[in-house]
Amino acid sequence: MQCVDTCLDYGLSQHPDGAFFLLFLGRKKQLTGKIDQAIEALKRCISVQNEWKQFHNICHWELLWCYAVQCDWINASKCADILRQQCKWSPGAYTYQYATFLYMIMVEQNRPELQSEISQLLKQVPDLRVRFAGKTVPAEKFAIVQSQRYFDHDQQLVLPAIVSVIHYILLTNHNHTITITQQEYMYIWNIFAVIGQSPHLLNPIMERVEKYREMHQAKLTEPDQPLDDYCRCLLLKGMCLRHLQQHSQVTFSIH
């Protein structure tokens, strides 16, 4: 990391508006858990040039996760919306992310009018599949499976999420219900390696996952209750404990 700091300091001293150096600075701040500084650097990277729009998309991708770990769903959804409209790498994955961020907004801001848009977006995801050399992008496979499950499995998608979403599911009765998958998506993209550097970001997620785990543990006594959702909670709890350096609790948590 010292070598990275030296190179970045020199590069920015010579080219303070260099897009690549600003991107690398934002990425470095993100990896060290300094999310606010990462956002500042990435926004500046976008503002210094307009010729290379694809470079903007790289910044929007990193910004999306910076906002997500801060639970800033509005700004995260804006980044996902830009990506799904401008970037052709994985429109299915971007559409799925946009839908889940909208759902977080719907839940936390009590905006049920977003439900129909969320359902329409998730319905589009399987048709947006893109293959490279005959292979589907792994993140897109995940998005397709979860979108199909939203409609096919009792119109629910139950995954570890924030506790306000759980309360919303328990207290409302929509035609299509979903418990947001952003914590699990963070695992898919190894975002825990980022927030693991900052307990103030990780602890709130840990608390939410633990509450959700307890809810699903209580359901295990019901007949024919699947273990999938409870096991996902254990996986995410284990990841949180690992990055909180509570290694002895990691093994205990799976029992």
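Located above this text is the structure these notes cover.
Since we're looking at a predicted model, the values are computed, not measured.

Enquirer: Break down the overall build of the protein chain for me, with residues and values.
Expert: Counting its regular elements, the protein chain contains 14 helices and two strands. Of the contacts formed within the protein chain by residues at least 6 apart in sequence, a portion of 57% connects residues at least 24 apart. Accessible area for the protein chain stands at about 13000 Å²; split by element, carbon and sulfur atoms hold 52% of it.

Enquirer: Describe a nonpolar patch on the surface, with residues and values.
Expert: Side chains of Phe20, Phe24 and Trp52 sit close together on the surface and give an oily, nonpolar patch of about 330 Å² of accessible area. Within the element layout of this structure, phenylalanine 20 appears in helix α2 (residues 19-31). On the basis of relative accessibility, which here comes to 43%, the residue phenylalanine 20 falls in the partly exposed class.

Enquirer: Requested: an account of the packing of helix α6 (residues 91-108) against helix α8 (residues 138-152), with residues and values cited.
Expert: At their nearest, the axes of α6 and α8 sit 8 Å apart, and the two run at 50 degrees to each other. Between α6 and α8, the interaxial angle falls into the category oblique. In the crossing of α6 with α8, the sense of the turn from one axis to the other is left-handed. For the pair α6 and α8, contact is made by Pro91, Gly92, Ala93 and Tyr96 and by Ala139, Glu140, Phe142, Ala143, Gln146 and Ser147, respectively. Residues that form the contact of α6 with α8 fall into these classes: six nonpolar, three polar and one charged.

Enquirer: Break down the packing of aromatic side chains for me, with residues and values.
Expert: The final tally for this structure, using the stated rule, is eight aromatic pairs. When the centroid spacing of 5.9 Å and the interplanar angle of 65 degrees are considered together, the rings of tryptophan 61 and tyrosine 94 count as edge-to-face. Taken together, the positions of tryptophan 61 in helix α4 (residues 53-69) and tyrosine 94 in helix α6 put the pair 33 residues apart, joining distant regions of the chain. The class of tryptophan 61 is buried, set by a relative accessible area of 16%. A residue is classified by how much of its surface remains accessible, and tyrosine 94, at 5% relative accessible area, is buried. An aromatic cluster is defined as three or more aromatic residues linked by ring pairs; in this entry it consists of Phe20, Phe24, Trp52 and Phe55.

Enquirer: Explain the side chain of histidine 60 to me, and be specific about the residues and the numbers.
Expert: By the secondary structure assignment, histidine 60 is in helix α4. Given the relative accessible area of 13%, histidine 60 is considered buried. Other than its neighbours up to four places away in sequence, histidine 60 contacts Ile46, Cys79, Ile82 and Leu83.

Enquirer: An account of the pattern of salt bridges is needed here, citing residue identities and associated values.
Expert: For the structure on display, the rule yields six salt bridges. Linking aspartate 17 and arginine 44 is a salt bridge whose minimum nitrogen-to-oxygen distance equals 3.1 Å. Of this pair, aspartate 17 sits in the loop between α1 (2-14) and α2 while arginine 44 sits in helix α3 (residues 35-47), placing them 27 residues apart in sequence. Of the charged contacts in the structure, one is a salt bridge between aspartate 81 and arginine 84, with a shortest N-O distance of 2.7 Å. Residue aspartate 81 and its partner arginine 84 are both found in helix α5 (residues 73-86); the two are separated by three residues, about one turn of the helix. Taking the relative accessible area as the measure of exposure, arginine 84 reaches 26% and is therefore partly exposed.

Enquirer: Any chance you could break down the environment of serine 47 for me, citing the residues and the numbers?
Expert: Among the secondary structure elements, serine 47 is positioned in helix α3. The spatial distance from the C-alpha of serine 47 to the C-alpha of aspartate 17 is 9.3 Å, given a sequence separation of 30 residues.

Reading the values: the criteria
Residues numbered from 1 in each chain as written. Predicted model: local features only at pLDDT ≥ 70, side-chain atom pairs only at ≥ 80, totals over all residues. Heavy atoms only, no water. Helix = DSSP H or I, 4+ residues; strand = E, 2+ residues; numbered from the N terminus. Contact = heavy atoms within 4.5 Å. Areas by Shrake-Rupley, 256 points an atom, 1.4 Å probe, with all protein chains shown as cover. Patch = residues over 30% accessible without salt bridge, like charges linked within 9 Å, V, L, I, M, F, W, Y side chains within 5 Å. Salt bridge = Lys/Arg side-chain N within 4 Å of Asp/Glu carboxyl O. Buried < 20%, exposed > 50% of the residue type's maximum accessible area, 1.4 Å probe, protein only. Axes fitted to C-alpha atoms, helices over the stretch in contact; angles between N-to-C directions. Parallel < 35°, antiparallel > 145°, perpendicular 65-115°, else oblique. Left-handed = near helix turned anticlockwise from the far one by under 90°. Nonpolar A, V, L, I, M, F, W, Y, C, P; charged D, E, K, R; others polar. Phe/Tyr/Trp six-rings, centres within 6.5 Å; stacked < 30°, edge-to-face > 60°.

Everything listed here is a matter of coordinates, which is why it stays silent on function.
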